[in-house]
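A closer look at the structure
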Amino acid sequence: MLVLSADQVSKYWILYGLDLPNKGSVVLLPFLNFTMVWNHAVTFGMFGGMGGAGRIVFSAIALAVAGVLLVWMARTPSKLTATCVGAITGGAIGNVMDRLRYGAVVDFIHAHAFGWSWYVFNVADSAIVCAVCVLLVQNVLAGKEQQAT
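Remember, it's a predicted structure, so these values are computed and weren't measured experimentally.

Cut-off values and rules
Residues numbered from 1 in each chain as written. Predicted model: local features only at pLDDT ≥ 70, side-chain atom pairs only at ≥ 80, totals over all residues. Heavy atoms only, no water. Pairing = 2+ DSSP bridges. Helix = DSSP H or I, 4+ residues; strand = E, 2+ residues; numbered from the N terminus. Contact = heavy atoms within 4.5 Å. Axes fitted to C-alpha atoms, helices over the stretch in contact; angles between N-to-C directions. Polar contact = N/O pair within 3.5 Å; in protein donor to acceptor, adjacent residues only side chain to side chain.

Turning to the sheet that holds strand β2 (residues 32–39), a few remarks are in order. The strands making up a sheet associate through backbone hydrogen bonding, with each pair oriented either parallel or antiparallel. Reading across from one edge, β1-β2-β3-β4 is the order of the 4 strands in this open sheet, with antiparallel pairing throughout. The open sheet has two edge strands, β1 (25–29) and β4 (116–117), and neither has a second partner. Judged from the 4 bridges that link them, β1 and β2 form a sheet pairing that is antiparallel. Residue pairing in the sheet places Val27 in a bridge with Asn33 of β2. Sheet strands touched by helix α4 (residues 79–102): β2 and β3 (105–113). Its angle to β3, the strand with the most contacts, is close to 120 degrees.

Listed below in structure tokens is the structure:
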């Protein structure tokens, strides 16, 4: 719920408080901008050629995955796993809400340095990536622990 709330509040502020769609881009730091991008595709712009059908297809898939994740979250004995799965679910639902409300996901965080530029993303994307990384590290450490015994 925390990730979903932070994601939706940040997007609301970007759209209606900062009015980023009209500004296009705002420099925050030498390596960080708020840059308005309407993402009609999925991660890294994949499957962007689906047109209006993509909105429904991507939303349906994300909601199905979120349902599976909620079952995992309810069944896991690990609080860390439950927290990570909850963050992934909240991020996925936040992006679905954008697709249904605006027809595209609101992306606005743009990191760049030394001629290198990362894809523009949002709070939901950040939470999903960070939570997946924690789950991977947790899994690797659990595997090493099992090998030691």
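Turning our eyes to something else, we now look at the side chain of Asp7. Residue placement: Asp7 occurs in helix α1 (residues 2–17). A polar contact of 2.8 Å, which involves the side chain of Asp7, links it to the side chain of Lys11. Excluding anything up to four places from it in sequence, Asp7 contacts Gly94, Asn95, Asn122, Val123 and Ala124.

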